[in-house]
Structure formats: structure tokens, C-alpha cells
There are 2 protein chains.
Amino acid sequence: MEIKRYKHDAKFSYTLGMALTIELIKCQKDRIQKIYIHPDYVARDNTYNIFNICQEENLPYEINQKVFNRLSTKGNTYVIGVFEKYDAEVEQEKPHIVLVNPSDSGNLGTIIRTGLGFGFKDYVIIRPAVDIYDPKTIRSSMGAIFHVQFSYFDTFEQYLKICPAHKIYSFMLDGTINLKEIKERPDTPFSLVFGNEAAGLSDYFHNYGESIYIAHSNEIDSLNLSVAFGIAANVFSE
Amino acid sequence: MEIKRYKHDAKFSYTLGMALTIELIKCQKDRIQKIYIHPDYVARDNTYNIFNICQEENLPYEINQKVFNRLSTKGNTYVIGVFEKYDAEVEQEKPHIVLVNPSDSGNLGTIIRTGLGFGFKDYVIIRPAVDIYDPKTIRSSMGAIFHVQFSYFDTFEQYLKICPAHKIYSFMLDGTINLKEIKERPDTPFSLVFGNEAAGLSDYFHNYGESIYIAHSNEIDSLNLSVAFGIAANVFSE
């Protein structure tokens, strides 16, 4: 099979770089199709050696420069892991992070990295949205995406049907509750809902549960989405 | 004068895009050398019209396509503001944000945008560090950099000499105080100190003031710098 530059409808995606590929092997070994190794690859030490790891884990590997020319935009990538994309549905009884129409792969990856750090492992994405399997998302997640579950929905209403009992907290510039008033994590399942980078959440999210704002001065229009998410996730972490 | 693509030692820098240029005009009008307008520019409406603004503010402007080909990496820029770089020393009695060796222009801009949102207007940058006047920093700050003061120092010790009474809070993975224990902003001047994206702060920062950590699970190595900064700045905001 010829490996092509990632497209949304591809069956496979890939990790660019040693650290990401190690996360892939650790978490999703069974999805791996092949590990590609650049002819100039030099192992940092005996344990952090991709040849040893592939042999120990019984993973197919190949030394192949062309694949790097084709897939890698940066010159300093020496290991690529190609894996089959998989479904990893969110667990219904867990707290959920809901991202409505996220449009930036870098932000999506950073959000998942941050969320995993604060114990959130279940991500709901409402379309239209960027692709969680885009290699840019994988890279900015620092491999966190291999540790989490995620489900895509076409509308927020479709998502609500699978978790009617979740308490909804929508983050909005004109929310009614100041985040600083939230002193502890709810003890029932909840969903933290964030809008698109440019547009935020539309007014009708005021109809669901509580709306929360992060107080900031009017010298800026809004906070960066992944920064706002980090501030909220820290407050709602265990 | 011919306008060239930005270099660190240039006397001038520039804003790429209408919204950034408006911030520049609002905050640093006297530094502006010229406003360039793309021949395809179309005003969104009468008030948000760069020709009207330049006339009202008595600013020199020029319709010139070549400048856009030379400076702009994205096709959708129609307004560029060229301005003379300036010194804007931090105010000694104010709280300071201290960034030790920041290496990513995008992070630096996001930090200043976030910090301004939480009322921080004084930034100290310890070299080696990215250039605050890099057009990428300006862009990711969303123009916040025109609202703040900043000073560069070669070492942290040199910085300490100008503010010996500031209470120092260093953010470190192995800090001694959990950020969640900080319940209110100190009422004396303080400095929030953050390390480089990859390396963090070195051990000797344990010798100054208090060290703080942001609790997160061991499933991630660290938080993204601008996310960690946002979480801290929110706690220390007024």
C-alpha cells in the first residue's frame, strides 16, 4: 500500500516523530500498520531505540526515505507511525468536553493535551469541525489523542440524546455565572461546552443548563480558545 | 525607504491586516511611518474604512501591491501598517510577567493577549528570547502588544535589581505550592515567572520567593506554556 499525504477521507493517519510514535505504540499498538524509519535515524540510546522497540513489540518496520519526503513537512522527522483510524466512542457516564465547530487543528490538539492533564478523557465534537486525525492535531496533542475517547455529532441536539442527565455548562462571553464562583466540581456527570474560535457559542446555548463566563478586561475581545479551555478545565478538574 | 520582510535588527516592524492595524493606530499612532493599502481593498462599511481613518488621523497612506507580495505570507491581507519600533519600559511598581527564554513567537503573542485580558500590562523578557516585534508575535497577540510595556534583560539577576521588593512566584513542574491553594492576589507588587516551552525554569529558581505548580495528571509531560500562563494569570488577576 502506498502511503499518501493525509486526507480527511483516508483510512489511515500517521504520527510524525519519535515521541508521538512512542505514544502511539504505547496506547494503540493494534492499530499500527507500519513504522517507517529514515535512513539517517540514529538512536538516542539503547532503550529509546525504534529498532529495539519494533522488535520487542513485534511491529512491522521499514527503512524508507521516500515516505519522509512525501509526508513530512519538517526536516527533523526520522520516525513515522502509520495507523488505521478507529472509532473510540465517549463513555456516557463520564464528564464530557464538547467542542462546537472547532476550526483549528492546533487548538484541538492543545485542548486534548490540556484536558487529559486535567483528567478529561471524553471529547464530543459537533460538525462542521476539524479532523481529530489530522497529523497537525496529533502533533499538537503531543500524543494525548491516543489516550482519549471521542465522538462526532452533526448537531448538539443529537449529542444531548445520548446523555440526557448530564449537567450542561456552556462557556459564553455573555454567560450568567462567573467562573470564579465555581468552587468545586459537580458530583454528577457534566459537559463543558465551548464554541468555535471566531464565533463562540450562539445565543441558543443559553437554553441549556448554565452559562459561564471567564471575566476579563474589555481591552481584549476574547481569550484564545485553548487558553479559555485550560482555565475552565483546571477549575473543573478533580 | 524600501520596506523589507521583517528582520530582528530592523528599525521598523509592521501589522498585517485591518484589525491589527486599527489597534496600532489606536495605541501607537505616533510611531506609524506609513499605511499600505492593497489595490483590491474594499471597505466593509463607512466607519471601518481605512481611507477615512487615515484621513481623520492624518496618517500617510499609499496604495501599493508590491509591498503585499513582499511582506504578506497570506493572500487575505489588504492593509499593512509600518511603524517604528519603540522602547516601552515596564513600570517598576506594577505586577510583572517574567518570561525566561520564550522561544515561540505564537506563544509570546498569545501570552500577552491573555495577560492583557487579566490586567497585566508589564512584561519582562529574559534573553535569549523571541522578538516581541516579530510580525508573528504581533499577529498572535491580536494587537495586545500595543497596549503593554516590556523590557528585555540578559539575566534574571539583572531584572531583580530593578524591582528588589517584588514577591517572586516561579512556575515549576516541581514547585512547592499548588496553584489551587492561592486564593487571592497579593496586595504588594509581584512577579509571575515562566520558563521556556521545552526546558521550563532551571532548578536555581527555587532560590527565589515561592515556587508554584499547576497540578495535572502524569499522563501528560507538561501543559502548553500559554495555557499554563492563562491558568496562572486568571488566578492572580484582580
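S.K.: Please explain the side chain of Ser170 of chain A as it appears in this structure.
M.R.: Relative to the assigned elements, Ser170 of chain A resides in strand S8 (residues 167–171). For Ser170 of chain A, a relative accessible area of 0% puts it in the buried group.

S.K.: What exactly am I supposed to notice about the sheet that holds strand S10 (residues 190–194) of chain A here?
M.R.: Sheet strands pair by backbone hydrogen bonding; their relative direction is either parallel or antiparallel. All names here are of chain A. The strand order S7-S6-S5-S10-S8-S11-S9 describes an open sheet built from seven strands, whose pairing is parallel. Sheet topology places strand S7 (149–153) and strand S9 (177–178) at the edges, where each strand pairs with a single neighbour. As judged from the three bridges shared by S8 and strand S11 (residues 210–213), these two strands associate in the parallel manner. The partner of Ser170 across the bridge, within S11, is Ser211. Along the sheet, helix H4 (residues 105–117) contacts strand S5 (96–100) and strand S6 (122–126); its crossing angle with S6, the most-contacted strand, is approximately 155°.

S.K.: I keep staring at the relation of the copies chain A and chain B and nothing clicks. Help me out?
M.R.: Each copy of the chain is related to the other by a rotation around an axis and a translation along that axis. Take chain A, turn it by 180°, move it 0.0 Å along the axis, and it overlays chain B with an RMSD of 0.0 Å. Interpreted geometrically, this transformation is the action of a two-fold axis. Counting the interface residues of chain A, we find that 100% of their copies in chain B are interface residues as well, pointing to one common contact surface.

S.K.: Explain the pattern of salt bridges here, please?
M.R.: Two side chains carrying opposite charge are able to pair once their charged atoms lie near each other. All names here are of chain A. In the structure shown here, the tally under the stated rule is twelve salt bridges over all chains. Between Glu57 and Lys29 there is a salt bridge, with the nearest N and O atoms lying 3.3 Å from each other. One end of the pair, Glu57, is in helix H2 (residues 50–57); the other, Lys29, is in the loop between helix H1 (18–28) and strand S2 (32–37), with 28 residues separating them in the sequence. Residue class for Glu57 comes out partly exposed when judged on its relative accessible area of 29%. For Lys29, a relative accessible area of 33% puts it in the partly exposed group. A salt bridge links Lys94 to Glu91; the nearest nitrogen and oxygen atoms lie 3.4 Å apart.

S.K.: Help me understand the domain arrangement of chain A, please; the structure alone is not making it clear to me.
M.R.: Interface size is commonly expressed as the accessible surface area that is lost when the partners come together. Residue and element names in this part refer to chain A. Parsing chain A into structural domains produces domain 1 (12–84) and domain 2 (96–235). Centre-to-centre separation of domain 1 and domain 2, based on C-alpha positions: 31 Å. Across the boundary between the two partners, domain 1 contributes eleven residues, which contact eight residues of domain 2. Each partner contributes to the roughly 950 Å² buried at the junction of domain 1 and domain 2, and carbon and sulfur atoms together form 67% of this total. Applying the counting rule to domain 1 against domain 2 returns three residue pairs in polar contact (both at pLDDT 80 or more). Broken down by secondary-structure element, the contributors of at least two residues to the side of domain 1 that touches domain 2 are strand S1 (12–16) and H1. Sorting elements by how many residues they give to the side of domain 1 that touches domain 2 places H1 first, with five residues. Along the lines of polarity and charge, the residues of the side of domain 1 that touches domain 2 split into six nonpolar, three polar and two charged.

Parameters at a glance
Residues numbered from 1 in each chain as written. Chains lettered and ligands numbered in written order. Predicted model: local features only at pLDDT ≥ 70, side-chain atom pairs only at ≥ 80, totals over all residues. Heavy atoms only, no water. Helix = DSSP H or I, 4+ residues; strand = E, 2+ residues; numbered from the N terminus. Buried < 20%, exposed > 50% of the residue type's maximum accessible area, 1.4 Å probe, protein only. Pairing = 2+ DSSP bridges. Contact = heavy atoms within 4.5 Å. Axes fitted to C-alpha atoms, helices over the stretch in contact; angles between N-to-C directions. Least-squares fit on C-alpha atoms with pLDDT ≥ 70 in both. Salt bridge = Lys/Arg side-chain N within 4 Å of Asp/Glu carboxyl O. Domains from an automatic or database assignment. Buried area = accessible area lost by both parts, 1.4 Å probe. Polar contact = N/O pair within 3.5 Å; in protein donor to acceptor, adjacent residues only side chain to side chain. Nonpolar A, V, L, I, M, F, W, Y, C, P; charged D, E, K, R; others polar.

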